[in-house]
Amino acid sequence: MSGLRIGMLTSGGDCPGLNAAMRGAMKACVEKFGEKNVEIVGIKNGYYGLINNQAKEMKRSDFSGILTVGGTILGTKRQSFKMLTSTEDGVDKIKAMKNTYKDLKLDCLITLGGNGTHKTANLLSEEGLNIIGLPKTIDNDIFMTDVTFGFHTAVNTATDVIDRLHTTAASHSRVIVAEIMGNKTGWLTLYSGIAGGADVIIIPECPYEIKKIIEAVRARASRGRGFSIIAVAEGAFDKDEAKLKRKDRLRQREESGIKTASERIAAEVERETGIESRVCVPGHMLRGGSPSAYDRFLASSMGARTAKLIEDGNFGVSVAMVNDRITENKLSDIAGISKPVPVDHQALKTAKQLGISLGI
Ligand code: F6P
């Protein structure tokens, strides 16, 4: 085989491990096909770069020293599927992406991203491009993979946040609500909440009742614990809100003047218990920093898998970890499907066994 041209792009929100995965892919391809036979083309800023032909030829040295570096050396951009498939602005973006792929003479394209990225990857695959997906996201919500890279680093960071909140909350006898990223799913809040010893964990998969949260805080206070830590997923909502469509829920919140679940929970807990309650939003700090050892391992392993897929001509797939084995799923089987925390998941059972309130 000679002159294999492999494109790479990172799309959607960044996370630790993207660089490690690209390095893994490059190294495994060089190992398998020989350095002289591999050309890597980096597409800048995700699908935006693919639409607008923003690309650079990459040398092996470009991947040096990036195993430990967070973010993405290629840059990324959020481009909704709706926007990518609309031609309202007079640009046929699908056609533009296909043209760039052709102009760059790519033999395949590795797309690193989350659910949105995979949806577009599947569409490009259906359009005849040779696509391999790599599953990244701190949200851990990609269907049919046990874990995504970026998740464990964010769990470590969020746990550190909760640890730090503990000492200040205990000193001041306050309730602190830690708002943890995760708009649709609660994996990050659940894992870091357990690891950080949160007293209450609230996730979108388990719509909460405020009275249950208040009960938990009161019960602690009656045991002489004047402080409580409540870990709340960014996208959490209560039982009444669960009956509404997302857009109606957001409109209702907008009208009430309290936009987030964490703000509402803090305000209601303070009003009902009299305990001073604060909100802490670590936000994008949870996406930053150097990947953990586990994420370096996972991202490198998943990246390396691409070489075998390319050798086999096995495209239209996304790499996955299933039962501790690196494997792959068809993009068409996973595109557009999220992975919420199952209601019978072991981590929820663990939380209950530990006496952590889930607000339900
Ligand atoms: O997809 C990961 C994520 O960090 C979510 O947890 C969060 O809701 C969202 O991205 C934030 O996106 P942005 O960086 O575009 O504000």
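Residues numbered from 1 in each chain as written. Predicted model: local features only at pLDDT ≥ 70, side-chain atom pairs only at ≥ 80, totals over all residues. Heavy atoms only, no water.

## Some details on the overall build of the protein
Counting its secondary structure elements, the protein contains 13 helices and eleven strands. Computed over C-alpha atoms, the radius of gyration of the protein comes to 22 Å, within 12% of the 21 Å expected from 2.2 N^0.38 for 360 residues, which places it in the range of a compact globule. Viewed in the frame of its principal axes, the protein has a C-alpha envelope of about 70 × 45 × 30 Å. Within the protein, buried positions represent 53% of all 360 residues. As displayed, the protein offers around 15700 Å² of accessible surface, 48% of which is attributable to carbon and sulfur atoms. Averaged over its 49 positive side-chain charges, the protein has a centre that lies 1 Å from the centre of its 42 negative ones. (Helix = DSSP H or I, 4+ residues; strand = E, 2+ residues; numbered from the N terminus. Rg over C-alpha atoms; globule rule 2.2 N^0.38 Å. Buried < 20%, exposed > 50% of the residue type's maximum accessible area, 1.4 Å probe, protein only. Areas by Shrake-Rupley, 256 points an atom, 1.4 Å probe, with all protein chains shown as cover. Lys, Arg positive; Asp, Glu negative; His and termini not counted. Charge placed at Lys NZ, Arg CZ, Asp CG, Glu CD.)

## So, the site of the ligand
As a matter of local geometry, the ligand sits amid R78, I138, D139, M181, G182, N183, E234, H284 and R287. Here an oxygen atom of the ligand sits 3.2 Å away from a polar atom, N or O, in the main chain of G182. Bound to the protein, the ligand loses 75% of the 400 Å² it would expose on its own. When atom positions are compared with the pocket grids, the ligand is found to occupy the largest pocket. Its residues placed into classes, the shell around the ligand shows two nonpolar, three polar and four charged. In this structure, the shell around the ligand is formed jointly by two domains, domain 1 (4-149 + 291-334) and domain 2 (154-286), each of which donates at least three residues. (Near = heavy atom within 4 Å. Polar contact = N/O pair within 3.5 Å; in protein donor to acceptor, adjacent residues only side chain to side chain. 1 Å grid on protein atoms, 1.4 Å probe; cavity = no way out; pocket = protein on both sides within 12 Å on 5 of 7 lines; lining within 4 Å. Sits in = over half its atoms within 2 Å of the grid points. Nonpolar A, V, L, I, M, F, W, Y, C, P; charged D, E, K, R; others polar. Domains from an automatic or database assignment.)

## Concerning the sheet that holds strand β2 (residues 38-43)
Taken in spatial order, the seven strands of this open sheet run β3-β2-β1-β4-β5-β10-β11, and their pairing is mixed. The sheet is open, and its two edges are formed by β3 (55-58) and β11 (325-330), each paired on a single side. With strand direction ignored, the average angle separating the axes of adjacent strands in the sheet is 30°. Strand direction decides the pairing type here: strand β1 (residues 4-10) and β2, joined by five bridges, are parallel. Among the inter-strand pairings, G7 is bridged to a residue of β2, identified as V41. Sitting on the sheet, helix α1 (residues 18-33) is in contact with β1, β2, β4 (108-113) and β5 (131-135), with an inclination near 170° to β1. Against the sheet, helix α11 (residues 293-312) contacts β1, β4, β5, β10 (317-322) and β11, and its axis sits at roughly 135° relative to β10. (Pairing = 2+ DSSP bridges. Axes fitted to C-alpha atoms, helices over the stretch in contact; angles between N-to-C directions. Contact = heavy atoms within 4.5 Å.)

## Here's the deal with the domain arrangement of the protein
Annotation of the protein at the domain level lists domain 1 (4-149 + 291-334) and domain 2 (154-286). Look at where the C-alpha atoms of domain 1 and domain 2 centre, and you get two points 34 Å apart. Of the roughly 560 Å² buried between domain 1 and domain 2, counting both surfaces, carbon and sulfur atoms make up 56%. Of all residues in domain 1, I138, D139 and N140 give up the largest surface area on contact with domain 2, accounting jointly for 71% of the area buried on that side. Taken together, the links from domain 1 to domain 2 amount to zero salt bridges. Counting across the domain 1 and domain 2 interface gives one residue pair in polar contact (both at pLDDT 80 or more). Across the side of domain 1 that touches domain 2, the residue classes break down as one nonpolar, two polar and two charged. (Buried area = accessible area lost by both parts, 1.4 Å probe. Salt bridge = Lys/Arg side-chain N within 4 Å of Asp/Glu carboxyl O.)

## Topic: the sheet that holds strand β6 (residues 175-180)
The strands making up a sheet are joined through hydrogen bonds of the backbone, oriented either antiparallel or parallel. Ordered by their spatial adjacency, four strands build an open sheet running β7-β8-β6-β9, and the pairing between neighbours is parallel. Each having just a single partner strand, β7 (200-202) and β9 (277-280) make up the two edges of the open sheet. Strand after strand, the sheet turns through a mean of 20° between neighbouring axes, direction not considered. Across the sheet, helix α10 (residues 261-273) is in contact with β6, β7, β8 (228-233) and β9; its angle to β9 comes to roughly 165°.

## As for the nonpolar core
Of all hydrophobic cores here, the largest spans 67 residues; its most connected members are I6, M8, F149 and L188. Looking at this core, the element that brings in the most residues is α1, giving ten residues. Formed by 20 residues, the second largest nonpolar core is a distinct cluster that contains I43, I94, A96 and L109. (Core = buried A, V, L, I, M, F, W, Y, C linked by side-chain atoms within 4.5 Å.)

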